[in-house]
Amino acid sequence: MLALVLLAAFLLFSGPVPRAQTQSAWLEPYRTDATRLIAAATANQFAWDRLAELTDTYGNRLTGSANLTRAIAWAVETMKRDGLDAVRTEKVMGPQWVRGQERALIVDPPEHPLAMLGLGGSVATPAGGLEAEVMVVRDFQELTARAHEAKGKIVLFNVPYTTYGQTVAYRAGGAKAAAPHGAVAVLVRAVGPMGLRTPHTGGMQYEGATPIPAAAIAAEDANRLQRLVARGQRVRVRLEMQAHFAADVETANVIGEIGGRERPEEVVLVGGHFDSWDVGTGASDDGVGCIVTWEALRLMKTLGLKPRRTVRLVLFTNEENGLRGGTAYRDAYKGQAGQHVLAIESDSGVFAPARLGFTGSDAARALIQEIASLLAPLGLQQVGLGGGGADIGPIAQAGKVPMLAYQGDATKYFTIHHTPADTVDRIAPDEVAKAAAALAVITYVVAEMGETLPK
Ligand SMILES: [Zn+2]
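Keep in mind it's a predicted model, so treat the numbers as computed, not measured.

Draft legend 1. Geometry of the environment of Pro193. Inspection of the secondary structure puts Pro193 in the loop between strand 7 (185-189) and strand 8 (214-217). Remark: the alpha-carbon pair of Pro193 and Glu250, spanning 57 residues in sequence, is separated by 35 Å.

Draft legend 2. Representation of the domain arrangement of the protein chain in the model. You can read the domains of the protein chain as domain 1 (22-97 + 247-448) and domain 2 (100-242). Using C-alpha coordinates to define each centre, domain 1 is positioned 35 Å away from domain 2. Facing the 13 residues of domain 1 at the interface are 13 residues of domain 2. Looking at which element gives the most residues to the side of domain 1 that touches domain 2, the answer is helix 13 (residues 410-416), with three residues. Across the side of domain 1 that touches domain 2, the residue classes break down as six nonpolar, six polar and one charged.

Draft legend 3. Summary view of helix 7 (residues 164-178). The terminal C-alpha atoms of helix 7, which comprises 15 residues, lie 21 Å apart, in line with the 21 Å expected from a rise of 1.5 Å per residue. Most pronounced at Ala172, the bend in helix 7 amounts to some 50 degrees.

Draft legend 4. Representation of the sheet that holds strand 3 (residues 112-114). Read from one edge to the other, the open sheet built from eight strands follows the order 3-2-9-5-6-7-8-4, with strand pairing classed as mixed. Unpaired on one side and paired on the other, strand 3 and strand 4 (116-118) mark the two borders of the sheet. Recorded for the sheet is a direction-independent mean angle of 30 degrees between the axes of neighbouring strands. Sheet analysis places strand 4 next to strand 8, joined by three bridges and oriented antiparallel.

Draft legend 5. Here's a closer look at helix 5 (residues 66-82). Here helix 5 is 17 residues long and its end C-alpha atoms lie 24 Å apart, about the 24 Å a rise of 1.5 Å per residue gives. Every buried residue of helix 5 is accounted for by Leu68, Ala71, Ile72, Ala75 and Met79. Buried residues along helix 5 cover an arc of 105 degrees about the axis, so they all sit on one side. In helix 5, the exposed positions angled more than 90 degrees off the buried face are occupied by Ala66, Glu77, Lys80 and Arg81. Summarising the contacts, the buried residues of helix 5 are in contact with helix 4 (46-58), strand 1 (85-98), strand 10 (244-258) and strand 12 (309-316). Looking at the residues trailing helix 5, positive phi occurs at Gly83, about 85 degrees.

Cut-offs applied
- Residues numbered from 1 in each chain as written.
- Predicted model: local features only at pLDDT ≥ 70, side-chain atom pairs only at ≥ 80, totals over all residues.
- Helix = DSSP H or I, 4+ residues; strand = E, 2+ residues; numbered from the N terminus.
- Domains from an automatic or database assignment.
- Contact = placed C-beta atoms within 7 Å.
- Nonpolar A, V, L, I, M, F, W, Y, C, P; charged D, E, K, R; others polar.
- Expected span 1.5 Å × (residues − 1).
- Bend = angle between axes of the 7 residues up to and from the residue.
- Pairing = 2+ DSSP bridges.
- Axes fitted to C-alpha atoms, helices over the stretch in contact; angles between N-to-C directions.
- Buried ≥ 20, exposed ≤ 12 C-beta atoms within 10 Å, placed from the backbone.
- Arc of directions from axis to C-beta.

Dropping the structure here:
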């Protein structure tokens with residue numbers, strides 16, 4: 001019954017809004033091409049097939065991996081074959097974190113393996129591993145209150161997932177919080193809704209604290225440890241990790257454009273990040289974001305559309321463990337930051353129900369909201385808040401550039417985020433096509449319209 005009510009509500013709110021509400025005379029010249037872009041994007045599953053080719057052939061793409069280097073070469077060749085202009089790589093130096101072999105297990109009461117993934121940036125355990133009693137806490141406050149118990153222990157933060165923004169603080173800062181109290185290692189309940197006993201990796205920082213090994217364990221394992229301890233049992237865990245940093249490596253942003261017909265110096269920037277964590281195949285995070293933004297340019301080329309302004313696609317490198325691609329782009333284009341009229345990023349997957357988010361002035365939002373009326377056939381005509389993106393953030397800040405984001409359903413996205421389960425199998429072809437269609441229309445109209453999107 002609830003499902004029926006939800007379905008009815010979905011149909012009601014996702015259906016086309018009445019024509020009278022969407023009539024904006026200035027938009028009329030773009031309506032035909034918007035319709036053509038949507039039709040071309042949704043006519044087949046080209047974008048999903050390209051995502052599958054990327055993720056099947058090159059796999060996951062951590063900075064410094066041969067996978068990423070080979071995937072970058074493929075992207076350059078493929079953009080050239082698409083007929084994009086000025087296809088190039090721009091060199092970026094990035095950190096190289098290497099996971100190595102790793103495992104964790106309960107050794108007393110014996111003996112149970114834990115579903116774990118070391119956190120990106122963690123140090124190794126001593127050779128041969130370390131073994132210690134587990135201290136379970138629910139949050140930072142409990143650690144502070146019981147700090148005197150932490151010496152010599154493995155501290156486990158068993159923090160139930162609320163939102164990514166809130167819960168990720170434990171992954172990023174758990175080791176830093178536990179190390180000063182003498183903890184020998186830290187385990188963090190995987191940051192995501194309850195999955196299928198999936199650990200989630202992700203970045204962490206010591207920020208000057210003594211570096212102790214840090215790993216995520218599946219929520220089910222964290223709860224089991226908590227229940228064992230709550231029954232008064234002393235639980236010992238063995239942790240073995242070989243994680244380390246190697247020397248910085250050369251990587252690159254990949255760039256392709258459609259050069260502007262009349263105002264080539266004005267740029268509509270679109271993109272996602274091409275690197276991923278070293279598990280799964282980086283399909284939702286963020287292979288799909290790269291492919292759907294790339295589609296905006298490919299579809300325009302296919303339809304012979306060459307807008308007034310330049311449309312620039314950037315596949316950013318090293319978002320996951322350094323953001324060096326985003327900062328390198330800002331440094332390289334600092335002088336033109338103010339001529340970026342809109343920056344679009346897709347880095348939240350494309351799972352339904354998806355939405356558009358925008359960050360910018362009221363004047364810019366009003367225009368974007370009008371343009372989005374062209375997306376009524378896709379059910380994406382409402383533009384909400386939250387237009388940021390990690391990679392476009394630096395250039396947007398430098399040039400006070402409005403930002404737009406395509407946001408897939410967060411619960412589905414964060415269930416597989418940074419896990420071995422982030423593969424193309426979980427993504428529906430029509431959801432990829434819909435994202436590509438929406439981004440192509442917004443990108444095209446903002447690049448083509450007479451008035452420059454106001455800051
Ligand atoms: Zn991402």
